[in-house]
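# Remarks on the overall topology
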Amino acid sequence: MKVLKRISTVAENTFAIWIIIFATLAFFMPNGFSWIAPHISLLLGIIMFGMGLTLTTDDFKRVVKAPKSVLFGVVAQYTIMPAIAFGLATVFKLPPEIAVGVILVGCCPGGTASNVMTYLAKGNTALSITITAISTLLAPILTPSLTLLLASKWLPVSMSAMFMSIVQVILIPIALGFILRLLFAKQVDKVTSVLPLVSVIGIVAVAAAVVSVNTENIATTGLLIFTIVILHNVLGLLIGFTIAKVLKLTYEDQKAISIEVGMQNSGLGSTLAIAHFEPIAAVPSAIFSVWHNISGPLLATWWGKGKK
């Protein structure tokens, strides 16, 4: 178990490197990774089950203890990133499938990697965990609703089908993990230290799978999508931090909310895109997964050294 803990810690600290390595390999050797694509939903379910295992009742009690910060964080998550995505898709006049993919990742909840980045940035990690948990639990309603509202201009969106997908790959696995922890807390605590390794493997596999089935699309539109993704992420981080500062939240809360807003659950975006749209719609989520695992650690390192 000690060896696994060490491996898990190393994998977590070098997350961005593995994403880049395997995304690159998948681009040049797609046949080696395309077999993963049919199992993306299962992989995301495993990741979400692991998230459920880490949740405690204290994570939800913070809604009462710090309602202003939690409420703002959740509202910011589901307003700032969707609005930026819609704006970018409109301004850059993106093709329908890519526009929907950008909006879809913008309408997803925060990713679990944001909690790690907040910790490294010396932000309010407890707040980050709570915002991630609440925004994720709200995803079955808000993600399809916002996608329908913003993306139907480009392509038809089935809110009911998307709702069921999110319930299956997000809500049910998290609920099962949370219940298991409530019933067997001591046993679960013994294995939670290796859960980051599971998450890293799962997210890297999802990103590689999406890249492998979209090599031609990435070759022709990759630079455009990468530009959109960078703008989306950077603007989300900046606007989230700025508004939190205007509301006079603590500096630790400002960092947590900035990271929560800017880092999305791109695995969910990829899963929904492949299930409900054309494969190219998953490319923004895949590239987002690569990029925010570069920008996140860079920002966390900057803040972690006491920079303002």
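Reading the values: the criteria
Residues numbered from 1 in each chain as written. Predicted model: local features only at pLDDT ≥ 70, side-chain atom pairs only at ≥ 80, totals over all residues. Heavy atoms only, no water. Helix = DSSP H or I, 4+ residues; strand = E, 2+ residues; numbered from the N terminus. Buried < 20%, exposed > 50% of the residue type's maximum accessible area, 1.4 Å probe, protein only. Lys, Arg positive; Asp, Glu negative; His and termini not counted. Salt bridge = Lys/Arg side-chain N within 4 Å of Asp/Glu carboxyl O. Contact = heavy atoms within 4.5 Å. Patch = residues over 30% accessible without salt bridge, like charges linked within 9 Å, V, L, I, M, F, W, Y side chains within 5 Å. Areas by Shrake-Rupley, 256 points an atom, 1.4 Å probe, with all protein chains shown as cover. Core = buried A, V, L, I, M, F, W, Y, C linked by side-chain atoms within 4.5 Å. Axes fitted to C-alpha atoms, helices over the stretch in contact; angles between N-to-C directions. Parallel < 35°, antiparallel > 145°, perpendicular 65-115°, else oblique. Left-handed = near helix turned anticlockwise from the far one by under 90°. Nonpolar A, V, L, I, M, F, W, Y, C, P; charged D, E, K, R; others polar. Polar contact = N/O pair within 3.5 Å; in protein donor to acceptor, adjacent residues only side chain to side chain. UniProt positions renumbered as here; feature names shortened; annotations may be inferred. Phe/Tyr/Trp six-rings, centres within 6.5 Å; stacked < 30°, edge-to-face > 60°.

It is worth spelling out the side chain of D253 at this point. Along the polypeptide, D253 turns up in helix α14 (residues 251-262). No salt bridge is formed by the buried D253; its nearest oppositely charged neighbour, K68, is found at 8.6 Å. Beyond its immediate sequence surroundings of up to four residues, D253 is in contact with S69, N124 and L127.

Residues V91, F92, L224, L231, L235, L238, I239, I243 and L247 make up a contiguous nonpolar surface patch of about 690 Å² in total accessible area. Residue position: L235 is located in helix α13 (residues 215-246). What makes L235 partly exposed here is its relative accessible area of 32%.

The next thing to look at is the nonpolar core. Membership of the largest hydrophobic core comes to 92 residues, with the highest contact counts inside it found for I103, I170, I257 and L268. Looking at which element gives the most residues to this core, the answer is helix α12 (residues 195-212), with 10 residues.

If a residue is not glycine, its phi is most likely negative; likewise, a peptide bond is most likely trans. Positive phi, normally seen in glycine, also occurs at K122, with a value near 60°. Judged by its relative accessible area of 55%, K122 falls in the exposed class. Even without being a glycine, K248 presents a positive backbone phi close to 60°. Looking at the element boundaries, K248 is found in the loop between α13 and α14.

Contact pair helix α2 (residues 15-28) / α12: the axes reach a minimum separation of 8 Å and the direction vectors enclose 30°. It follows from the interaxial angle that α2 and α12 lie roughly parallel. For α2 against α12, the interelement crossing comes out right-handed. Between α2 and α12, the contacting residues are F15, W18, I19, F22, A23, A26 and F27 on the first element and V200, I203, V204, A207, A208, V211 and S212 on the second. When grouped by side-chain class, the residues that make up the contact of α2 with α12 number 13 nonpolar, 1 polar and no charged.

Right, let's get into the side chain of S114. Turning to its location among the elements, S114 is positioned in helix α8 (residues 113-120). Residue S114 is classed as buried on the basis of its relative accessible area, which comes to 0%. At a separation of 3.5 Å, a polar atom in the side chain of S114 contacts the side chain of T132. There is a polar contact of 2.5 Å between the side chain of S114 and the side chain of E260. Leave out the neighbours within four places in its chain, and S114 touches S128, T132, I259, E260 and M263.

Next up on the list: the UniProt feature "transmembrane region" (unreviewed entry) in the protein. As recorded in UniProt, the sites labelled "transmembrane region" (unreviewed entry) are residues 7-29, 35-57, 69-92, 98-120, 127-150, 162-184, 191-211 and 223-247. Across residues 69-92 one finds 88% helix and 0% strand; the C-alpha atoms that close the span lie 33 Å apart. Across residues 223-247 one finds 96% helix and 0% strand; the C-alpha atoms that close the span lie 36 Å apart.

In this section: the environment of G101. With respect to the helices and strands, the residue G101 is situated in helix α7 (residues 96-106). Along the backbone, G101 and A282 are 181 residues apart, and their C-alpha atoms lie at a distance of 5.9 Å.

For the rest of this paragraph, the subject is the packing of α2 against helix α16 (residues 283-304). Where α2 contacts α16, the two axes come as close as 8 Å, and the packing angle between them is 150°. Comparing the axis directions of α2 and α16 gives the class roughly antiparallel. Seen along the crossing, α2 lies across α16 with a hand that is left-handed. The segment α2 lies against α16, with F15, A16, I19, I20 and A23 engaging S289, V290, N293 and I294. Partitioned by chemical class, the residues of the contact of α2 with α16 number 7 nonpolar, 2 polar and no charged.

Turning our attention to the packing of aromatic side chains. Tallying each qualifying case throughout the model produces 7 aromatic pairs. A centroid spacing of 5.1 Å and a plane angle of 90° characterise the contact between F27 and F28, whose relative ring orientation is edge-to-face. Its relative accessible area of 27% is what places F27 among the partly exposed residues. Relative to W154, the ring of F86 has its centre 5.7 Å away and its plane inclined at 70°; by these criteria the two rings are edge-to-face. Here F86 is found in helix α6 (residues 80-91), whereas its partner W154 is found in the loop between α9 (125-151) and α10 (159-183), with 68 residues between them in sequence. These aromatic residues form a ring-pair network of at least three members: W18, F22 and F33.

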